[in-house]
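Descriptive analysis of the structure
Spelled out, the chains give:
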Amino acid sequence: MESEAVPGAASPPPRALRHFKPSLPSRGSAGRSLTALTGLGWTVPHCPHGARGRSLTALPWQATGLGGTLGEGRDAERIERMEPVRNRRIRVTFNADTHASIQWNFRPQQSEIYVVPGETALAFYKAKNPTDKPIIGISTYNVVPFEAGQYFNKIQCFCFEEQRLNPQEEVDMPVFFYIDPEFAEDPKMAKVDLITLSYTFFEAKEGQKLPLPGYQ
């Protein structure tokens, strides 16, 4: 993977993420990205068994791309065999929002990176609890343009996990992803060279119903 696709990776990993082992083989294009990640001292939790919390029951749009959301991207052999489509360079921008229910500071650590279909990439978000009490948050995500969601696959992330931050605690949250090579073969994607990945954090509460991404 090109070095520009690993922004912010020099930051030291939060303690909560040190004890998890990567779930992918370390060969090929995807393997090079993962090797770079672990070589910097990072070990990444596999979603939905993330750093510090319970995952939600599987939501119907998580594996399908419904609502402009990301596909799961869990087929390690497929990722291992992917061939980058070098002539389709795509700019991926990152957005972070917090619902009024949660008193967190949440932001992407990079504004954008450039990727090509069939190549894995790594990005980071940062979250901080500036209050004097523990707060548990949970996030949803979506992709714009809507139609690109079916090709945007997350491998590892912090999505749909209850994340507990103690008072004044700050953590880095990695997102390891790729754009499916089939993106380059879809005529509807021919003019798409910009994709935005957005996460929104809510305070986790008993019986809470998260909004369906893309259909607010």
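Residues numbered from 1 in each chain as written. Predicted model: local features only at pLDDT ≥ 70, side-chain atom pairs only at ≥ 80, totals over all residues. Heavy atoms only, no water.

What follows is about the overall build of the chain. Scanning the chain for helices and strands turns up two helices and nine strands. Element order for the chain, N to C, with α for helix and β for strand: α-α-β-β-β-β-β-β-β-β-β. Burial statistics for the chain: of 216 residues in total, 52% are counted as buried. When the accessible surface of the chain is split by element, carbon and sulfur atoms take 49% of a total near 10,200 Å². (Helix = DSSP H or I, 4+ residues; strand = E, 2+ residues; numbered from the N terminus. Buried < 20%, exposed > 50% of the residue type's maximum accessible area, 1.4 Å probe, protein only. Areas by Shrake-Rupley, 256 points an atom, 1.4 Å probe, with all protein chains shown as cover.)

A few words now on the sheet that holds strand E5 (residues 135-144). As a general point, the strands of a sheet are linked pairwise by backbone hydrogen bonds and lie either parallel or antiparallel. The strand order E3-E1-E9-E5-E7 describes an open sheet built from five strands, whose pairing is mixed. With partners counted over all chains shown, the strands left at the sheet margins are strand E3 (112-115) and strand E7 (163-165), one partner each. On average, each strand axis in the sheet is tilted by 30 degrees relative to the strand beside it, whichever way the strands run. Direction of pairing for E5 relative to strand E9 (residues 194-203): antiparallel, over a ladder of eight bridges. Within E9, the residue paired with Val144 across the bridge is Thr196. (Pairing = 2+ DSSP bridges. Axes fitted to C-alpha atoms, helices over the stretch in contact; angles between N-to-C directions.)

Glancing now at the pairing of E5. Most of E5 is tucked away, with eight of its 10 residues classed as buried. Relative to E7, E5 runs antiparallel, the two sharing three bridges. Looking across to E7, one finds that Ile136 is bridged to Arg164.

Judged by nonpolar contacts, the single largest core of 36 residues is most densely connected at Val92, Tyr125, Phe177, Ile179, Phe183, Ile195 and Tyr199. At the level of secondary structure, the elements contributing two or more residues to this core comprise strand E1 (90-98), E3, strand E4 (120-128), E5, strand E8 (170-179) and E9. The biggest single contributor to this core is E8, with five residues. Phe124, Ile155, Phe176 and Tyr178 belong to the second-largest nonpolar core, a separate cluster that totals seven residues. (Core = buried A, V, L, I, M, F, W, Y, C linked by side-chain atoms within 4.5 Å.)

Turning to the environment of Phe176, a few remarks are in order. Its location among the elements puts Phe176 in strand E8. Overall, the relative accessible area of 1% leaves Phe176 in the buried class. In the structure, Phe176 is positioned 56 residues away from Thr120 in sequence and 7.1 Å away in space, judged by C-alpha atoms.

Time to look at the sheet that holds E4. Ordered by their spatial adjacency, four strands build an open sheet running E2-E4-E8-E6, and the pairing between neighbours is antiparallel. On the outer flanks of this sheet lie strand E2 (105-108) and strand E6 (152-156), each paired with one strand and no other. Strand-to-strand twist of the sheet, defined as the mean angle between neighbouring strand axes without regard to direction, takes the value 30 degrees. Bridge count between E2 and E4: four bridges; the pairing is antiparallel. Looking at E4, one finds that Arg107 is bridged to Lys126.

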